[in-house]
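# Examining the three-dimensional arrangement
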Amino acid sequence: MNVLHYALAGGAAFRTPGDLLRGLTLDEATCAVPGLPYTLGDLLAHLQVTQRTSLDLATGRADRWPDGLDVWPASPASGADLTALLGDLQAGLAEAQALAADPSSRARDVLTDLAAHSAYHWGQVALIRRLHGTLPEPEGA
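Parameters at a glance
Residues numbered from 1 in each chain as written. Predicted model: local features only at pLDDT ≥ 70, side-chain atom pairs only at ≥ 80, totals over all residues. Heavy atoms only, no water. Phe/Tyr/Trp six-rings, centres within 6.5 Å; stacked < 30°, edge-to-face > 60°. Helix = DSSP H or I, 4+ residues; strand = E, 2+ residues; numbered from the N terminus. Buried < 20%, exposed > 50% of the residue type's maximum accessible area, 1.4 Å probe, protein only. Axes fitted to C-alpha atoms, helices over the stretch in contact; angles between N-to-C directions. Left-handed = near helix turned anticlockwise from the far one by under 90°. Contact = heavy atoms within 4.5 Å. Nonpolar A, V, L, I, M, F, W, Y, C, P; charged D, E, K, R; others polar. Core = buried A, V, L, I, M, F, W, Y, C linked by side-chain atoms within 4.5 Å. 1 Å grid on protein atoms, 1.4 Å probe; cavity = no way out; pocket = protein on both sides within 12 Å on 5 of 7 lines; lining within 4 Å. Points joined across faces, edges and corners; volume = space filled by probe spheres on them. Expected span 1.5 Å × (residues − 1). Polar contact = N/O pair within 3.5 Å; in protein donor to acceptor, adjacent residues only side chain to side chain.

### Topic: the packing of aromatic side chains
If you walk through the whole model with that rule in mind, you get 1 aromatic pair. Their ring planes at 20 degrees and their centres at 5.1 Å tell us that tyrosine 38 and tryptophan 72 sit as a pair that is stacked. One end of the pair, tyrosine 38, is in the loop between helix H3 (26-29) and helix H4 (40-59); the other, tryptophan 72, is in the loop between H4 and helix H5 (79-101), and 34 residues separate them in sequence. Residue classification places tyrosine 38 among the buried positions, given a relative accessible area of 17%.

### Some remarks on the packing of H4 against H5
Viewed as axis vectors pointing N to C, H4 and H5 meet at an angle of 35 degrees, and their least axial separation amounts to 10 Å. The two elements H4 and H5 meet at a crossing, and its hand is left-handed. Between H4 and H5, the contacting residues are Gly41, Leu44, Ala45, Leu47, Gln48, Gln51, Arg52, Leu55, Ala58 and Thr59 on the first element and Leu85, Leu86, Asp88, Leu89, Gly92, Leu93, Glu95, Ala96 and Leu99 on the second. Split by residue class, the contact of H4 with H5 holds 11 nonpolar, 5 polar and 3 charged.

### Side note on the nonpolar core
Counting 19 residues, the largest nonpolar core has Leu21, Leu24, Leu44, Trp122 and Val125 as its most contacted members. Taken together, the elements giving at least two residues each to this core come down to helix H2 (17-21), H4, H5 and helix H6 (105-132).

### Quick look at empty space enclosed by the protein
Scanning the model with the defined rule gives 1 cavity of 30 Å³ or more in all. Looking at the largest cavity, its volume works out to about 50 Å³. Along its surface, the largest cavity is lined by Leu8, Leu47, Gln51, Leu89, Leu93, Ala96, Leu114, Ser118 and Trp122. Every element with two or more residues in the lining of the largest cavity is listed here: H4, H5 and H6. In the lining of the largest cavity, the residues fall into 7 nonpolar, 2 polar and no charged.

### Topic: the environment of glutamine 48
Along the polypeptide, glutamine 48 turns up in helix H4. A relative accessible area of 19% means that glutamine 48 is categorised as buried. Those residues within four positions of glutamine 48 in sequence are excluded, and the remaining contacts are Leu85, Asp88 and Leu89.

### Side note on H4
Residues separated by three or four positions in an α-helix point in the same direction, a consequence of the helix having 3.6 residues per turn. The terminal C-alpha atoms of H4, which comprises 20 residues, lie 28 Å apart, in line with the 28 Å expected from a rise of 1.5 Å per residue. Most of H4 sits out of view: 16 of its 20 residues are buried. Sitting at the head of H4, threonine 39 places a side-chain oxygen 3.3 Å from the backbone nitrogen of glycine 41. Glycine 60 sits one or two residues past H4 and shows a positive phi near 85 degrees.

Take a look at the structure:
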């Protein structure tokens, strides 16, 4: 694995998204923390839309960031919505890792930006889960 792989999916200096999300429920995802401007669900929806758009740019499915894109969409409203959101995040991570194996110059630039953006927000996910008292122990710990 190269540095970009680790930056996108954890495993070196970062916990993996799968590890951070293990056991997440809709109740927790929609539970507000006093003083924070968003819930875990809001944060995950933001991660998903920015990840999907970044992957469209990296692969050439899009040539620029869409005008008017809502980068803070609504939090999942049901268990099925949360499951779909988490599934899309995992699929996007797998796509990003596949692209990172031999990226074009454009893909490398977009994936590097995505990795930095995502690392920032995955840290917030870990902090919010810690505040909820639900952050799982790392797998294998």
